[in-house]
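# Residue-level structural notes
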Protein chains: 2
Amino acid sequence: MSSRVRIEIPEGSGFGPQHLPYCVFAPAGGEPRVGARLGDCVVDLAVALDDPMFAQPSLNAFMAQGPAIWREVRERLQAAADGEFPAAAVHAVSAVRLQLPVQVGDYVDFYASIDHATNAGRIFRPDSEPLLPNWRHLPVGYHGRAGTVVVSGTEVVRPCGQRRTDSGTPDFGPSQRLDIEAELGFVIGASTPLGDRIGTEEFADHVFGVALVNDWSARDLQAWEAQPLGPFLGKSFATSLSAWVTPLDALREARIPLPEQQPRPLPYLRDRDPWGFDIELRIEWNGQVVSTPPYSRMYWSPAQMLAHMTVNGASTRTGDLFASGTISGPEREQRGSLLELSWGGTEPVDVGTAEHPDKRTFLEDGDEVVITASAPAAHGGRITLGEVRGAITPARD
Amino acid sequence: MSSRVRIEIPEGSGFGPQHLPYCVFAPAGGEPRVGARLGDCVVDLAVALDDPMFAQPSLNAFMAQGPAIWREVRERLQAAADGEFPAAAVHAVSAVRLQLPVQVGDYVDFYASIDHATNAGRIFRPDSEPLLPNWRHLPVGYHGRAGTVVVSGTEVVRPCGQRRTDSGTPDFGPSQRLDIEAELGFVIGASTPLGDRIGTEEFADHVFGVALVNDWSARDLQAWEAQPLGPFLGKSFATSLSAWVTPLDALREARIPLPEQQPRPLPYLRDRDPWGFDIELRIEWNGQVVSTPPYSRMYWSPAQMLAHMTVNGASTRTGDLFASGTISGPEREQRGSLLELSWGGTEPVDVGTAEHPDKRTFLEDGDEVVITASAPAAHGGRITLGEVRGAITPARD
């Protein structure tokens, strides 16, 4: 009989049985497969649950099954977490290689924080109303590049491109205003055919889970290229996704109502259930915490984003990813991008220590950014969302 | 021994052995597989070439092989076209069901026609310079929704959404300004990793072929939503792709220099070889030819588009699709969108006959649009690109 082991949960762990986020991991010398995290271990689900659906290099086959199966798997894991797992199913997280958890279909990025949109408006268009006329009527969004969504830890090469200059003629070279955007991403599990809409009340039938996103942005490329069709190369070089996808059910205790929406949205955008989340993010830049953006302040809910995205009959696919856009709160130390933290590059941010003072406006080569987040869980505990980490390497010739 | 057949090419066919476009087709009662067109027949490549790479529901596995294999397969087919094929490999085009030929990775849409961009600028911003400052410096583009790229013949359901009104408050309902955009699409075969660039001189090493695109557009949705992040729901409900992909090699005789580019592009955008194409498009609206856009007038070449799209190190995947944007010429009857043909809805277009006069600005339910194209081929002949066809069905409640 094969040996069995009990997984101990360290005191204060954000990865207890109330969380159980999913990943794709490769054990040393093995093929990538689906795992779930418990404490400091990753549980190989194909082994633990004896199901080949999990012996795959993405979560997509599992996610495509829909909410009844998601719930069943989660309940089986929670039951097993109190007892023992087959020893062959348990690996230390530190001993495995984490991969992109999802084969991304389409990637959509929204712009759902009123504080971020207001800040961006003030910085880019100082002489006019910061919010454009459409902003309070619909969650503004656009499609990003799905093929350059990379897993946390992937190095980000500084992109080159055409940079806006004061002369009106662009120059070419490495971005000099390389930025981050701290966001929450939502992963679609159960797809919908062309012509269908996903009402706000159907959100949990289709969205499998949540991951952290860093939507790296080259502001000088973006400023030059983005009229009239929106961001393109200023974003498409890399978008980092956390290796762990937190199931929507693990965020039940974090759900809160949205702040007030004024004017009242059109009927198709009205939330029947509250889909705000009390999630606290934290941005570390070279080890210094420079911001703690509160997701609770977001103006548009992800249920509204998904309802909007499909109201024209656009289909969805398993693996589609949509992100919230930069999460910023009203305070300076709650801003989710360096553009806002340095106010367009005019107010340097302190990223040094007492011994080694250091100031920055945008990212320099060698800089590392780590975004983490936590949320309330049952029994007064908290869960820790999987981090999204990335370091900048120099531009290539 | 199995029987063999000779495929006769009808006089004046645009599908002789100098063309040989690829498709994915399902024979009656059979599984989808890769075919090539010769005359009015589709040749089942898995059978004809005895290669399981073609027994797949997309061209992707074949396209991923790269240009040496593309050339070899084409040469084998051209050699066989002079003789006989196994009878089991040959189907009448009329007897098979054509499917989406490509599993699309990312879909990018450019804006590369100077006549189209100028017309759109004049219509949308009548009081300012029609071309924005960046337009002559880079091929403006954006990401569209890959999951709603559909094969020619798919019905297009009129999309609903928020429509701009004169009051400043949007209303909601079916689009009242439903439009087409006649475009050429380029399909990437050989992928590139993150960090690599595809120089203009490497175009033919990566681009497998060309297809026609109709980028359906809801102008009233687009006008309201598109600031500041570009088009979203006004485009994402459907983009139609021809069922046939013309290999790049079949367009050798159609290659021409671009019109002059002024100012001279930055070095990374300079074409060493001419990648303009002398391709004539034709737009039929309810059976009436309303426009004949000349691809020869495009300002930016597809090699420049691809070099631009990857200059920031963005990776490419087999199946990525990028389209030219609306193709318009300088004359009224060369405009590639109804927005331009009806000059923003102010000049109705005649789509009727002498017996049944009929005028239109934008698309009505039941309308059908067919875009076709042809190009010069060897020996003074012409090849016919696969059509892209679509009819409008009423909005759903």
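Residues numbered from 1 in each chain as written. Chains lettered and ligands numbered in written order. Predicted model: local features only at pLDDT ≥ 70, side-chain atom pairs only at ≥ 80, totals over all residues. Heavy atoms only, no water.

Counting secondary structure elements, chain A contains eight helices and 28 strands. Its C-alpha atoms give chain A a radius of gyration of 21 Å, near enough to 21 Å, the size a compact globule of 397 residues would have. A buried classification covers 61% of the 397 residues belonging to chain A. Split by element, the accessible area of chain A, about 14,500 Å² in all, is 47% carbon and sulfur. Averaging the positions of the 34 positive and the 51 negative side-chain charges in chain A gives two centres separated by 3 Å. (Helix = DSSP H or I, 4+ residues; strand = E, 2+ residues; numbered from the N terminus. Rg over C-alpha atoms; globule rule 2.2 N^0.38 Å. Buried < 20%, exposed > 50% of the residue type's maximum accessible area, 1.4 Å probe, protein only. Areas by Shrake-Rupley, 256 points an atom, 1.4 Å probe, with all protein chains shown as cover. Lys, Arg positive; Asp, Glu negative; His and termini not counted. Charge placed at Lys NZ, Arg CZ, Asp CG, Glu CD.)

This part is about the packing of aromatic side chains. By the definition in use, this model includes 32 aromatic pairs over all chains. The interplanar angle of 35° and the centroid separation of 4.9 Å between the aromatic rings of Phe172 of chain A and Tyr268 of chain B together place this pair among those described as tilted. Separated into two different chains, Phe172 of chain A in strand β13 (residues 171-174) and Tyr268 of chain B in the loop between β20 (255-256) and β21 (276-277) make up a pair that spans both. On the basis of an interplanar angle of 85° and a centroid distance of 6.1 Å, the ring pair of Phe110 of chain B and Phe322 of chain B is categorised as edge-to-face. Residue Phe110 of chain B is located in strand β8 (residues 107-110), and its partner Phe322 of chain B is located in strand β24 (residues 321-323); the two are separated by 212 residues in the primary sequence. Each of the two residues, Phe110 of chain B as well as Phe322 of chain B, counts as buried. The structure contains a cluster of three or more aromatic residues connected by ring pairs, namely Phe110, Phe186, Phe203, Trp275, Phe277, Tyr295 and Phe322 of chain A together with Phe232 of chain B. Directly above the ring of Phe15 of chain A sits Arg37 of chain A, whose terminal nitrogen or CZ lies 3.8 Å from the centroid. (Phe/Tyr/Trp six-rings, centres within 6.5 Å; stacked < 30°, edge-to-face > 60°. Lys NZ or Arg CZ within 6 Å of the ring centre and 35° of its normal.)

Here we take up the side chain of Thr192 of chain A. Residue and element names in this part refer to chain A. Relative to the helices and strands, Thr192 is located in the loop between β15 (182-188) and α5 (203-206). Residue Thr192 is classed as buried on the basis of its relative accessible area, which comes to 7%. Within the local environment of Thr192, its side chain forms a polar contact with the side chain of Thr316, the two groups lying 2.6 Å apart. (Polar contact = N/O pair within 3.5 Å; in protein donor to acceptor, adjacent residues only side chain to side chain.)

Moving on, we get to the domain arrangement of chain A. Residue and element names in this part refer to chain A. If you check the domain split of chain A, you get domain 1 (4-99) and domain 2 (107-393). Here domain 1 and domain 2 have C-alpha centroids that lie 28 Å from each other. On the domain 2 side, the residues contacting the 25 residues of domain 1 number 24 residues. Where domain 1 abuts domain 2, roughly 1,900 Å² becomes buried across the two surfaces, and 71% of that area is made up of carbon and sulfur atoms. Counting every contact that joins domain 1 to domain 2 gives zero salt bridges. Counting every contact that joins domain 1 to domain 2 gives four residue pairs in polar contact (both at pLDDT 80 or more). Considering every element that reaches the side of domain 1 that touches domain 2, the biggest residue donor is helix α3 (residues 67-81), with four residues. Here the side of domain 1 that touches domain 2 is built from residues that sort into 15 nonpolar, seven polar and three charged. (Domains from an automatic or database assignment. Contact = heavy atoms within 4.5 Å. Buried area = accessible area lost by both parts, 1.4 Å probe. Salt bridge = Lys/Arg side-chain N within 4 Å of Asp/Glu carboxyl O. Nonpolar A, V, L, I, M, F, W, Y, C, P; charged D, E, K, R; others polar.)

Our next topic: the interface of chain A and chain B. Counting residues at the interface gives 57 residues for chain A, matched by 57 residues for chain B. Across the interface of chain A and chain B, roughly 5,400 Å² is buried in total on both sides, 59% from carbon and sulfur atoms. Three residues, Arg145, Leu229 and Phe232 of chain A, lead the burial of chain A against chain B; their summed loss comes to 15% of the area buried on that side. At the junction of chain A with chain B, the criterion picks out two salt bridges. Among the ionic pairs, Asp320 of chain A bridges to Arg145 of chain B, the shortest N-O distance being 3.1 Å. Here chain A and chain B share 28 residue pairs in polar contact (both at pLDDT 80 or more) between them. Taken together, the elements giving at least two residues each to the side of chain A that touches chain B come down to β8 (107-110), β9 (141-144), β12 (160-163), α6 (219-225) and α7 (302-310) of chain A. With four residues, the top contributor of residues to the side of chain A that touches chain B is β9 of chain A. In terms of residue class, the side of chain A that touches chain B is built from 30 nonpolar, 18 polar and nine charged.

In this section: the pattern of salt bridges. All chains considered together, the criterion is met by 38 salt bridges over all chains. For Glu387 of chain A, the salt bridge goes to Arg389 of chain A, with nearest N and O atoms at 2.9 Å. Taking the relative accessible area as the measure of exposure, Arg389 of chain A reaches 29% and is therefore partly exposed. A salt bridge links Asp40 of chain B to Arg37 of chain B; the nearest nitrogen and oxygen atoms lie 3.8 Å apart. Taking relative accessible area as the criterion, Arg37 of chain B reaches 13% and is therefore assigned buried. Through salt bridges with shared partners, a single ionic network connects Asp179, Glu181, Asp215, Arg219 and Lys235 of chain A.

Rotating chain A by 180° and translating it 0.0 Å along the rotation axis places it on chain B, where the RMSD comes to 0.0 Å. The transformation relating the two chain copies, once decomposed into turn and shift, fits a two-fold axis. In terms of C-alpha distance to the rotation axis, chain A has Gly230 of chain A as its closest residue, with the C-alpha 2.1 Å off the axis. When the interface residues of chain A are mapped onto chain B, 100% of them are again interface residues, pointing to one common binding face. (Least-squares fit on C-alpha atoms with pLDDT ≥ 70 in both.)

Turning next to the sheet that holds strand β3 (residues 33-38) of chain A. Residue and element names in this part refer to chain A. Here we have five strands laid out as an open sheet, ordered β6-β4-β3-β2-β7, and antiparallel in their pairing. Edge positions in the sheet fall to β6 (90-92) and β7 (97-99), since each of these pairs with one other strand and no more. Between one strand axis and the next, the sheet turns by 45° as a mean value, whatever way the strands run. (Pairing = 2+ DSSP bridges. Axes fitted to C-alpha atoms, helices over the stretch in contact; angles between N-to-C directions.)

Turning our attention to the state of the cysteines. Residue and element names in this part refer to chain B. Scanning all chains against the criterion turns up zero disulfides over all chains. No disulfide involves Cys23; its sulfur sits 12 Å from that of Cys41, the nearest cysteine. We classify Cys23 as buried; its relative accessible area is 0%. (Disulfide = S-S within 2.5 Å.)

Residues and elements named next belong to chain A. Here five strands make up an open sheet; going across it, the order is β11-β28-β27-β22-β23 and the pairing mixed. In this open sheet, the two strands that pair with only one neighbour each are β11 (156-157) and β23 (288-291). In this structure, strand β27 (residues 368-376) lies alongside strand β28 (residues 382-393), joined through eight bridges in antiparallel fashion. Within β28, the position partnered with Val370 by the bridge is Arg389.

Once that is clear, we can look at the UniProt feature "binding site: substrate" (unreviewed entry) in chain A. Residues and elements named next belong to chain A. On the UniProt side, "binding site: substrate" (unreviewed entry) is annotated at positions that read Tyr111, Arg125, Gln222 and Thr326 here. With respect to the helices, strands and loops of the structure, Gln222 is situated in helix α6. By relative accessible area, which is 12% here, Gln222 ends up buried. For Gln222, the contacting residues outside a window of four places in its chain are Ser217, Pro231, Gly234 and Lys235. Classification of Thr326 as buried rests on a relative accessible area of 1%. Those residues within four positions of Thr326 in sequence are excluded, and the remaining contacts are Ser113, His116, Glu181, Ala182, Glu183, Met298, Gly336, Ser337 and Glu340. A polar side-chain atom of Thr326 sits 3.3 Å from a polar atom in the side chain of Glu181. (UniProt positions renumbered as here; feature names shortened; annotations may be inferred.)

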